[in-house]
Amino acid sequence: MKIYSFYLLLLFFTSGSFAAQVDMSKLIGTWGNSDDGGRTFWGYDKYLPDGVLVSWGTTYGVKYNIEAMYKINRKFKIESCITITKADIGEEFVGESWCDEILELNDEIFKFKSDDGEITTLYRQDL
């Protein structure tokens, strides 16, 4: 029983180690959404220091401008949680909320995983 408890405690502390190592200040700035590895971009997400996220672009032939609030949650993993506050593509999107697990964040890429397991990579635009 002591060995089992030790492994649970070890898992508890090591599972949060990635969260402690990520420099979340690197999130601030503009990131490009791309379907071809960063050669071309269809949309942009700008994270501001005050917790505001501004997104714009064209997807599926529809132009969009969205404003949201974001919050970073840290526990066993790091999550970026977003709530839409304004959307020019329809009021039904206002209030939508979700969290994505941050997998990697550095000076060049921002990689995250959604609830359905889809992994998205964004590319820094303002270095």
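What you see is a predicted model; the values in this text were computed from it and never measured.

Before going further, it helps to examine the packing of aromatic side chains. Under the criterion given, the structure shown has 7 aromatic pairs. With centroids separated by 6.3 Å and ring planes inclined at 65°, the aromatic side chains of Phe41 and Tyr123 adopt a geometry described as edge-to-face. In this pair, Phe41 is assigned in the loop between β1 (29-33) and β2 (43-47) and Tyr123 in strand β8 (residues 119-124), connecting sequence segments 82 residues apart. Relative to Phe110, the ring of Tyr47 has its centre 5.8 Å away and its plane inclined at 80°; by these criteria the two rings are edge-to-face. A residue pair is termed long-range when its members are at least 10 positions apart, and Tyr47 in strand β2 and Phe110 in strand β7 (residues 109-113) qualify at 63 residues.

We now examine the side chain of Arg124. Along the polypeptide, Arg124 turns up in strand β8. According to the relative accessible area criterion, Arg124 is buried, its value standing at 14%. One polar contact links the side chain of Arg124 to the main-chain carbonyl oxygen of Ile28, over a distance of 3.1 Å. Sequence-distant contacts of Arg124, that is, excluding residues within four places in its chain, are made with Lys26, Leu27, Ile28, Gly29, Thr30, Trp31, Asn106, Asp107 and Glu108.

Taken together, the 8 strands give a closed barrel; going around it, the order is β1-β2-β3-β4-β5-β6-β7-β8, and neighbouring strands pair in antiparallel fashion. Pairwise comparison of adjacent strand axes, ignoring direction, gives a mean angle of 35° for this sheet. One ladder, built from 3 bridges, connects β1 with β8; its direction is antiparallel. Within β8, the residue paired with Gly32 across the bridge is Tyr123.

Calculation notes
- Residues numbered from 1 in each chain as written.
- Predicted model: local features only at pLDDT ≥ 70, side-chain atom pairs only at ≥ 80, totals over all residues.
- Heavy atoms only, no water.
- Phe/Tyr/Trp six-rings, centres within 6.5 Å; stacked < 30°, edge-to-face > 60°.
- Helix = DSSP H or I, 4+ residues; strand = E, 2+ residues; numbered from the N terminus.
- Buried < 20%, exposed > 50% of the residue type's maximum accessible area, 1.4 Å probe, protein only.
- Polar contact = N/O pair within 3.5 Å; in protein donor to acceptor, adjacent residues only side chain to side chain.
- Contact = heavy atoms within 4.5 Å.
- Pairing = 2+ DSSP bridges.
- Axes fitted to C-alpha atoms, helices over the stretch in contact; angles between N-to-C directions.

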